Amino acid sequence: MKALVTGGAGFIGSHVVDRCLAAGHDVAVVDDLSSGRREFVNPRARLYAVDIRSPEVTEVFETERPEVMFHLAAQAEVRRSVADPLFDVQVNVAGSVNLLEHCRKLGVTRVIYSSTGGAVYGDTTVLPTPEGHPTRPASPYGTSKLAVEHYLTCWETLYGIRPIALRYANVYGPRQNPLGEAGVVAIFSHRILRGEPAVINGDGEQTRDYVYVEDVARANLLALDHPNVTGALNVGTEIETSVNDLFKRLVTAAGVSAESRNAPPKAGEQRRSVLDPGAAKRLLGWVHQVSLDEGLRRTVEYFRRNPQ
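Predicted model only: the values in this text are computed from it and were never measured. (Residues numbered from 1 in each chain as written. Predicted model: local features only at pLDDT ≥ 70, side-chain atom pairs only at ≥ 80, totals over all residues. Heavy atoms only, no water.)

Colleague: What should I look at first to understand the sheet that holds strand β1 (residues 2-6) in this one?
Modeller: Either a parallel or an antiparallel arrangement is found when strands of a sheet pair, and the pairing is made through backbone hydrogen bonds. Read across the open sheet, the seven strands follow the order β3-β2-β1-β4-β5-β6-β11; overall the sheet is parallel. Every other strand in the sheet has two partners, leaving β3 (46-48) and β11 (231-235) as the edge strands with one partner each. The mean inter-strand angle of the sheet, taken between neighbouring strand axes irrespective of direction, is 20°. In terms of strand pairing, β1 meets strand β4 (residues 68-71) through four bridges, oriented parallel. Opposite V5, over in β4, you have F70 as the bridge partner. Each of β1, β2 (26-30), β4 and β6 (162-168) is contacted by helix α1 (residues 11-22), which is oriented at about 165° to β2, the strand it contacts most. Along the sheet face, helix α4 (residues 85-106) touches β1, β4 and β5 (110-116) and points at about 175° away from the line of β4. (Pairing = 2+ DSSP bridges. Helix = DSSP H or I, 4+ residues; strand = E, 2+ residues; numbered from the N terminus. Axes fitted to C-alpha atoms, helices over the stretch in contact; angles between N-to-C directions. Contact = heavy atoms within 4.5 Å.)

Colleague: Help me out: how do you make sense of the side chain of S96 in this one?
Modeller: By the secondary structure assignment, S96 is in helix α4. S96 gets classed as buried once you look at its relative accessible area, which sits at 3%. A distance of 2.5 Å separates a polar atom in the side chain of S96 from the backbone oxygen of N92. Contacts of S96, omitting those with residues within four sequence positions, involve I52, H71, V91 and V148. (Buried < 20%, exposed > 50% of the residue type's maximum accessible area, 1.4 Å probe, protein only. Polar contact = N/O pair within 3.5 Å; in protein donor to acceptor, adjacent residues only side chain to side chain.)

Colleague: What should I look at first to understand the packing of aromatic side chains in this one?
Modeller: In this description, an aromatic ring pair is defined by two values, namely the gap between the centres and the angle between the planes. Summed over the entire model, instances satisfying the criterion amount to five aromatic pairs. Their ring planes at 70° and their centres at 5.5 Å tell us that W155 and Y159 sit as a pair that is edge-to-face. Of this pair, W155 and Y159 both sit in helix α6 (residues 140-159), four residues apart, roughly one helical turn. Take W155: its relative accessible area is 9%, and that puts it in the buried class. A centroid spacing of 6.0 Å and a plane angle of 90° characterise the contact between F188 and F247, whose relative ring orientation is edge-to-face. Separated by 59 residues along the polypeptide, F188 in helix α7 (residues 184-193) and F247 in helix α9 (residues 243-254) bring together distant segments of the chain. What makes F188 buried here is its relative accessible area of 2%. Accessibility expressed as a relative area gives 9% for F247, which makes it buried. (Phe/Tyr/Trp six-rings, centres within 6.5 Å; stacked < 30°, edge-to-face > 60°.)

Colleague: Is there a simple way to think about the pairing of β2 in this case?
Modeller: For a regular strand, side-chain orientation follows a simple rule: the groups alternate between the two sheet faces. The buried fraction of β2 is high, at four of five residues. As defined by bridge partners, β1 adjoins β2 across five bridges and the pair is classed as parallel. The residue bridging T6 from the neighbouring strand is V30, located in β2. With α1 bridging β1 and its parallel neighbour β2, the resulting β-α-β unit is right-handed. (Right-handed = clockwise from strand over helix to strand, strands pointing away.)

Colleague: Before we go on, may I ask you to explain the nonpolar core in this structure?
Modeller: Most often, soluble globular proteins keep nonpolar side chains buried together rather than apart. Residues I12 and F70 are the most contacted members of the largest nonpolar core, which totals 40 residues. At the level of secondary structure, the elements contributing two or more residues to this core comprise β1, α1, β2, β4, β6, α8 (213-225), β11 and α10 (278-284). The element that contributes the greatest number of residues to this core is α8, accounting for eight residues. With residues up to four places along the chain from it excluded, the contact list for I12 reads L72, Y168, V171, V213 and V216. V57, L99, L100 and Y113 belong to the second-largest nonpolar core, a separate cluster that totals 22 residues. (Core = buried A, V, L, I, M, F, W, Y, C linked by side-chain atoms within 4.5 Å.)

That is the geometry; function is a separate question.
Structural data, given as structure tokens:
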């Protein structure tokens, strides 16, 4: 099958590309390389360094004629979305609608969209949180990701495109940016290996659901294999881990001595976030396979081999 992966030079997207190629699919990548890295793109895939908002997207679709689109390209920083909500909506909403219009015009039948669990649900009253819980995003980023889910539903009704939105928990693993605002596993790994103290915001007892990137990539391919499954599905482990516990596990994985220091809590940060992945298991046959300790070990070794 011919697949187009937007954001395919990024952290999660590049793993999706690898998984698609391993499954025998023909893959093209659209990525403006603003945060993705050219060296992450599998050499067997064709890379178009194009912004998803650009008219150049038309040429990519007409040249490649994809049958399925994995849509991972996004403005993914919560703080930037708060500081510049117009940019956030231009990339995440207008850029996505631009892609959907090209899908409509050129007959793409399946769209697999990378959404977000925590940012879409906001603070919840039910943990682990199921897909049916009310969505109350507390940032422009979460709002824009949810808006695109609604556009997908609209395009399904109007044009028959079969969309699925995968709502990820906290994804971690090799190729994640250790210098960004998010990605605590990558940030901590980088600092631990450099002998620098890890910074824990607040008391460190806030919890997250950490899911390994290769498990997430596998969920994308299972979504391709089940084309009649539409709507939103959580992709998480149903396991809560505190930041304090995460730091201790990473120190053990690294096999070094390391220190942490506390900083003021981030304004508006969720206290607890964990997803119920039961629907993904039932409809796609997906369950996470990589344990947290094993995933942390692999991630630390990646950053040890790639210190820059």
